[in-house]
Amino acid sequence: MNTLLKLKKVNLKYQTDKDTIKVLNNIDLITKKKDTISIMGESGSGKTSLVMLIGGLEKATSGKIFFQNQDITALSEDEVSEIRRKHIGIVFQSFYLIPNYTAVENVALTLELNKFKNPQQQAKELLDRFGLKNRFNNLPSQLSGGEQQRVAIARAIAMKPDLILADEPTGNLDSKNSVMISNILFKYVKEEGSSLIIVTHDSKLANKAKRKIKIKDGKIV
Ligand SMILES: Nc1ncnc2c1ncn2[C@@H]1O[C@H](COP(=O)(O)OP(=O)(O)O)[C@@H](O)[C@H]1O
Ligand SMILES: [Mg+2]
């Protein structure tokens, strides 16, 4: 009842011309609603792959992934996108904002696509909450890295997702901005009662999570 995510014997392999790369091996994981979880592990250990699977951006080679008791591995791509759009907010290391859209437009787009009323107004409120009141009409290229990531977070949480997936969200930021971004993320999930899965190399940031997971060679250790 209280389960948010359940991974059962999840495997992910990539096929290249020459060989098969086993990226994730028999991952079993259960997370509860409102959990905050950090994932650490060496580069290449499979952290991003795991995030992609949970967010439905990649398909498991075998195994099952239940999100809110629904087996997303059994759904079509469109159905998975729908679940992701409504329930999961994803934040990446490189912010992936739309370059020719302003801060407000980047956030408002998500709301428009989901037929929310007054998307611009809501986008502004969110950006204001993250200290970007004076940056509404800036393009991403006119924002610092920390500001861009705050816009990306505003976009990710606009739909009030049940789960935020953050893949090294502070990986491109200096320490001051890293602290700000991690505070924003943890404050948000606390206030809204959502869950957070955060991949990071920063052990201080990882320690803010209730639960810490380590991945090695595609396995949870
Ligand atoms: N599309 C892909 N095709 C082939 N191999 C991939 C692909 N994506 C990732 N990999 C490989 O999978 C392994 C895990 O990658 P990744 O999940 O990005 O690790 P991490 O995020 O922990 O650094 C790496 O060895 C990487 O080279
Ligand atoms: Mg990665």
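Bear in mind the structure is a predicted one, so any value in this text is a computation, not a measurement.

J.: Honestly, the sheet that holds strand E4 (residues 62–67) in this entry has me stumped. Any pointers?
T.: Pairing between the strands of a sheet comes from backbone hydrogen bonds, and it takes one of two forms, parallel or antiparallel. Taken in spatial order, the four strands make up an open sheet running E2-E1-E4-E5, and their pairing is antiparallel. Edge positions in the open sheet fall to strand E2 (20–32) and strand E5 (70–71), since each of these has one partner strand only.

J.: Where do I start with the site of ligand 1 in this structure?
T.: Around ligand 1, the neighbouring residues are Tyr14, Thr16, Ile21, Val23, Gly41, Ser43, Gly44, Ser45, Gly46, Lys47, Thr48 and Ser49. Elements that contribute at least two residues to the shell around ligand 1 include exactly E2 and helix H1 (47–54). A per-element tally of the shell around ligand 1 places H1 first, with three residues. Looking at side-chain class alone, the shell around ligand 1 contains three nonpolar, eight polar and one charged residues.

J.: Mind showing me how you'd approach helix H3 (residues 103–113) here?
T.: Three- or four-residue spacings in an α-helix give side chains the same orientation, since the helix completes a turn every 3.6 residues. Among the residues making up H3, those that are buried are Ala103, Val104, Asn106, Val107, Ala108, Thr110 and Leu111. Where H3 is buried, its residues meet helix H4 (119–129) and helix H5 (145–157). Of the residues flanking the end of H3, it is Lys115, one or two places downstream, whose phi is positive at about 60°.

J.: Sorry, what's going on with the sheet that holds strand E3 (residues 36–40) here?
T.: Reading across the sheet, the six strands line up as E6-E7-E8-E3-E9-E10 and stay open at both edges, with mixed pairing between neighbours. Of all the strands in the sheet, the pair left with one neighbour each is strand E6 (88–91) and strand E10 (219–220). Both E6 and strand E7 (residues 163–167) contribute to a ladder of four bridges, which runs parallel. By the bridge assignment for E7, Gly89 is matched with Ile164. Strand contacts of H5: E6 and E7, with the helix running at about 165° to E6, the strand carrying the most contacts.

Rules used in this analysis
Residues numbered from 1 in each chain as written. Chains lettered and ligands numbered in written order. Predicted model: local features only at pLDDT ≥ 70, side-chain atom pairs only at ≥ 80, totals over all residues. Pairing = 2+ DSSP bridges. Helix = DSSP H or I, 4+ residues; strand = E, 2+ residues; numbered from the N terminus. Near = placed C-beta within 6 Å. Nonpolar A, V, L, I, M, F, W, Y, C, P; charged D, E, K, R; others polar. Buried ≥ 20, exposed ≤ 12 C-beta atoms within 10 Å, placed from the backbone. Contact = placed C-beta atoms within 7 Å. Axes fitted to C-alpha atoms, helices over the stretch in contact; angles between N-to-C directions.

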